[in-house]
Amino acid sequence: MRAWAGRAEAALGLAVEAVAAMLVAVETAVLLAGIVARYVFHSSLVWSDELASILFLWLAMLGAVVAFRRGEHMRMTALVTRAPLPLRGFLEALAIAAPIGFLLLVLHPAIDYAMEESFIVTPALEVPGSWRASALPVGLGLMLLVAVVRLLRLAGLGRGLGALALVAAVAIGFWLAGPALKPLGNLNLLVFFVGLVAATVLAGVPIAFCFGLATFGYLALTTRVPIMVVVGRMDEGMSHLILLAVPLFIFLGSLIEMTGMARAMIRFLANLLGHVRGGLSYVLVGAMYLVSGISGAKAADMAAVAPVLFPEMQQRGSKPGDLVALLSATGAQTETVPPSLVLITIGSVTGVSIGALFTGGLLPGAVLALVLCLVVRWRHRGPEVVRAARPGGREILRSLVIALPALALPFLIRAAVVEGVATATEVSTIGIAYGAIVGLLVYRQFDWRRLGPILVETASLSGAILLIIGAATGMAWALTQSGFSRDLAAAMASLPGGQAGFLAVSILAFVILGSVLEGIPAIVLFGPLLFPIARTMGVHEVHYAMVVILSMGIGLFAPPFGVGYYAACAISRISPDEGMRPIWGYMLALLLGTILIAAVPWLSIGFL
């Protein structure tokens, strides 16, 4: 049975991966064609954005299928990995069975939604809206097939049926309790959006499906809202064209690593600072800041920096735990450095200007870099085991000249968006074209064999992120319709301390949410609720965005729950246990830096 399931999953997975990779390439080509037509030939392709929007939803859904097959949907595994082996196996099966339950429940409403969209005709291409909306039922159906064969392959028939039976029992229990739940009113928010979400998240169920199950259960059992609305909210959340920058910047991050651009930047910084005490630690902080200015994905940033620096740092006597702790801390520190995916997401869901966020994010990232450097200086106050020779001026100048094409890219990206030359989506496409040309003609390190896997990885990570955004959008809509946003606004407005109290509670809340829910789900879920409250309390929306993002980053990259910390460990190939102690000094420094940024709004809005 397991062998058959493995073959079926591999065949289905390869077919979906090929289509998803092709969609990433086609999206890039379509957007680039639109930019070239507008700026070179002064003639707009009126259909380009519409075609990109249609293909984008297909990319999001097929990418989510690829992510499911690879086990790459975001989930909290801190408790699962500590469970006894038999229980851990059952929880892993449950992490597949629970999504199966959600997919079965939402598949029929998704089909109905696609049929409803067929009555809408797009203005430029004049095709039915169902061409785009059909991506939802097709993607959900493929995910269901992948989930079933994956459950059989990983858990076997007995354990798989046991996990499905538990999911069915819980679903039937909620259905039977429906008449008793309706009179509870807003107490149902605690039952579904606190109790059910917490239980499924802690059990290791992928976060997107935790949100989906809670939203479906709340609307189906306690309201008269048609379930098709859940699908419509998911579609709305995933279909913002600005979010097309997510896969494109992920692709760009992988491209700069493949073409040697990241290595050139790091080599220049190493020549500049590597000879001072703790110099390569400063280089790590600076390299993450620079590379984050090109790629929006933290995993791509860390993967570009760590393999280049860590071997030399270990030769100079650095302990593996210190290395992974600093890498994880720099991941949190650079969350506000444009074109961070979190900045793009927060602009998409709250309506804050992307250009303003890109401008406002630079100085807070630099402030936290300085704070981390102070900790590095304190930790390297003793004698070093190995001291590197200081390179000559000619060598430094030579490495600068080699790095200049790579160093120019982050400034190109920021200038294009901030000056209004291109949108965040367009500038990501320009960055890809620039990176490909520089890799081919300057660094001559363009590995065509790696292009296919990179496109598949881009689709997978994008699908995981976008499915969470869709599910969280549906959940946020349900919370808003319940009146929760009004109650939350009243509670936050009544906090003692005014602005200071509101910011302090926000920091604490997003540190916790970033740890438990990861960054983007927390932003999508609570951003639309809290940003209007911040405005009414006189907090500038860009300033509040920086405080929220940095707080979320601390939770995301702090053990024992922060998924970002374990991603840093996996990229570094260092045991998580080794970094547990040294990371807390860095996290305390980041928290103090975040409090400073919250207390001094000028650091976020001084250059707007």
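Residues numbered from 1 in each chain as written. Predicted model: local features only at pLDDT ≥ 70, side-chain atom pairs only at ≥ 80, totals over all residues. Heavy atoms only, no water.

A. Representation of the overall build of the chain within the structure. When you go through the chain residue by residue, the secondary structure sums to 28 helices and 0 strands. The globule rule puts the C-alpha radius of gyration for 608 residues at 25 Å, and the 24 Å found for the chain is close to it. Scored against the burial criterion, the 608 residues of the chain give a buried share of 58%. For the chain, the proportion of contacts with a sequence separation of at least 24, taken over those separated by at least 6, is 82%. In the structure as shown, the chain presents an accessible area of about 24000 Å², 69% of it carried by carbon and sulfur atoms. For the chain, the centre of its 36 positive side-chain charges and the centre of its 29 negative side-chain charges are spaced 11 Å apart. (Helix = DSSP H or I, 4+ residues; strand = E, 2+ residues; numbered from the N terminus. Rg over C-alpha atoms; globule rule 2.2 N^0.38 Å. Buried < 20%, exposed > 50% of the residue type's maximum accessible area, 1.4 Å probe, protein only. Contact = heavy atoms within 4.5 Å. Areas by Shrake-Rupley, 256 points an atom, 1.4 Å probe, with all protein chains shown as cover. Lys, Arg positive; Asp, Glu negative; His and termini not counted. Charge placed at Lys NZ, Arg CZ, Asp CG, Glu CD.)

B. Summary view of the packing of aromatic side chains. Applying the stated criterion across every chain, the model contains 9 aromatic pairs. Relative to phenylalanine 209, the ring of phenylalanine 102 has its centre 6.0 Å away and its plane inclined at 75 degrees; by these criteria the two rings are edge-to-face. With phenylalanine 102 in helix H3 (residues 85–117) and phenylalanine 209 in helix H8 (residues 207–222), this pair connects stretches of sequence that are 107 residues apart. In terms of burial, phenylalanine 102 and phenylalanine 209 fall into one category: buried. (Phe/Tyr/Trp six-rings, centres within 6.5 Å; stacked < 30°, edge-to-face > 60°.)

C. Summary view of unusual backbone geometry. In this structure, the amide linkage connecting proline 338 to the following residue, proline 339, adopts the cis form with an omega of 5 degrees. In this structure, proline 339 sits in the loop between helix H14 (320–333) and helix H15 (341–350). Here histidine 42, not a glycine, exhibits a phi torsion of approximately 55 degrees, which is positive. Mapping histidine 42 onto the fold places it in the loop between helix H1 (2–39) and helix H2 (48–70). Phi at arginine 444 is positive, roughly 50 degrees, even though this residue is not glycine.

D. Representation of the nonpolar core in the model. If you look at the biggest cluster of nonpolar residues, it comprises 214 residues, and the most contacted ones within it are Met143, Leu309, Phe310, Phe510 and Tyr544. Here this core takes 16 residues from helix H20 (residues 448–481), the largest share from any one element. When near neighbours in sequence (up to four residues on either side) are disregarded, phenylalanine 510 contacts Ala522, Ile523, Phe526, Leu530, Tyr544, Val548, Ser551 and Met552. (Core = buried A, V, L, I, M, F, W, Y, C linked by side-chain atoms within 4.5 Å.)

E. Local environment of the pattern of salt bridges. In total, this model carries 9 salt bridges according to the counting rule given. One salt bridge in this structure joins arginine 69 and glutamate 17, with 2.8 Å as the shortest N-O distance. Of this pair, arginine 69 sits in helix H2 while glutamate 17 is found in helix H1, placing the two residues 52 residues apart along the sequence. Judged by relative accessible area, which is 10%, glutamate 17 ranks as buried. Note that aspartate 235 and arginine 132 form a salt bridge whose closest N and O atoms lie 2.7 Å from each other. With aspartate 235 in helix H9 (residues 228–238) and arginine 132 in helix H4 (residues 130–133), the pair connects residues that are 103 residues apart, well separated along the chain. As far as burial versus exposure is concerned, aspartate 235 and arginine 132 are alike and both buried. When salt bridges that share partners are traced, they join Glu17, Arg69, Arg70 and Glu72 into one network. (Salt bridge = Lys/Arg side-chain N within 4 Å of Asp/Glu carboxyl O.)

F. Spatial organisation of a nonpolar patch on the surface. On the surface, a cluster of nonpolar side chains totalling about 480 Å² of accessible area is made up of Val36, Tyr39, Val40, Phe41 and Val421. Counting through the fold element by element, valine 36 comes out in helix H1. (Patch = residues over 30% accessible without salt bridge, like charges linked within 9 Å, V, L, I, M, F, W, Y side chains within 5 Å.)

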